[in-house]
Structures are given as structure tokens and as C-alpha cells.
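A look at the structure
So the chains spell out like this:
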Amino acid sequence: MDIISNILELFGAAYLGDFSKYMFQSGAYSPVFYVMLLLPLIVAFVYYIVLDHILLAQTRKWLFIGGGTAAVATVVALIIAHQKIEGFTFSQNIIDAGIGSADFLSFGFIIFVYSALFFLVFSLIFKSFSSRSRNIPF
């Protein structure tokens, strides 16, 4: 779990104080990472392998699907993070966790960027298996 927390904290560059501390102590980094990794993987697989439709073979639609995937992954990750932190602080009788909405926004931005990058990487991998969407995104 240390490597996952380091990745999501950008190797210390995005350490968010109490937010990062409670994320680590509650074990929230792993489920957030799996959502951030698996959702783009599944969507890219469906886009290139399952659907592989000519109507989807446009860069504009690929960008919309990739952005939507990253946004959904971000929302799900933030919900998981909030629930895990809230559950941990409640179980430890911590009244004021010292976590603000700016911490969640910063973390959400990191999740969005990582999810979009994963979608790009999985797209580059799966596009060679596609017959109609082979030229998307590039």
C-alpha cells in the first residue's frame, strides 16, 4: 500500500497533510487506485473490443468517452475516500479531522489526470485489436 499512496501523492509532491494521513490509516488508497485503474481498463476494452463501431471511431467521441470515464472514476474515488475517512475518524473518535474541501478537490484532480492517462494507455494497447477504431485516438 505504500507504493500506491506514493503514486497517488505524486511521490510527496501532493502530500495533503491530515487528508493523506487519514487516507493511509483508513486503507482508502488501494480501493481508490483500483477504481482509477480498472474503470478506464474496462471502458477501453468495451470501446475497442466489444463495441468497435464505426460511429464511435471519431476523436471527439473518444475524448468525450475518456473524459467521462475519468470523471466517473474521480467521483467514485472521492466517494470511497470520503466514506473510508469518515468511517476511520468515527471509529477513532476524531471530531475534527482537519480536512477541507480543497483537499478533496486536489485529490480529485490527481485521480482525474491519472484516470485519463490510464484510459489513453489502455486505448493505445487495445486499438491494435480493433478493426474500425484502429486510428483513434491517433
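See the structure shown above.
Small disclaimer: the values here were computed from a predicted structure and weren't measured.

Cut-offs applied
Residues numbered from 1 in each chain as written. Predicted model: local features only at pLDDT ≥ 70, side-chain atom pairs only at ≥ 80, totals over all residues. Heavy atoms only, no water. Helix = DSSP H or I, 4+ residues; strand = E, 2+ residues; numbered from the N terminus. Contact = heavy atoms within 4.5 Å. Areas by Shrake-Rupley, 256 points an atom, 1.4 Å probe, with all protein chains shown as cover. Lys, Arg positive; Asp, Glu negative; His and termini not counted. Charge placed at Lys NZ, Arg CZ, Asp CG, Glu CD. Buried < 20%, exposed > 50% of the residue type's maximum accessible area, 1.4 Å probe, protein only.

**Describing the overall build of the protein**
The helix and strand tally for the protein stands at 5 helices and 0 strands. Reading the protein from its N end, one meets helices and strands in the order α-α-α-α-α. Projected onto the principal axes, the alpha-carbon positions of the protein cover approximately 55 × 25 × 20 Å. Looking at the protein alone, contacts between residues at least 24 apart form 76% of all its contacts between residues at least 6 apart. Surface accessibility of the protein: about 7,600 Å² in total, with carbon and sulfur atoms responsible for 69%. Side-chain charges of the protein comprise 7 positive and 7 negative groups, with the mean position of each set lying 24 Å from the other.

**Some details on the side chain of S123**
You can see S123 is positioned in helix α5 (residues 101-126). Setting aside anything within four residues of it in sequence, one finds S123 in contact with A44, Y48, W62 and P137.

**A word on the environment of G17**
For G17, the location among the structural elements is in the loop between α1 (2-8) and α2 (18-26). Classification of G17 by relative accessible area gives partly exposed; the value is 26%. In the structure, G17 is positioned 86 residues away from D103 in sequence and 8.8 Å away in space, judged by C-alpha atoms.

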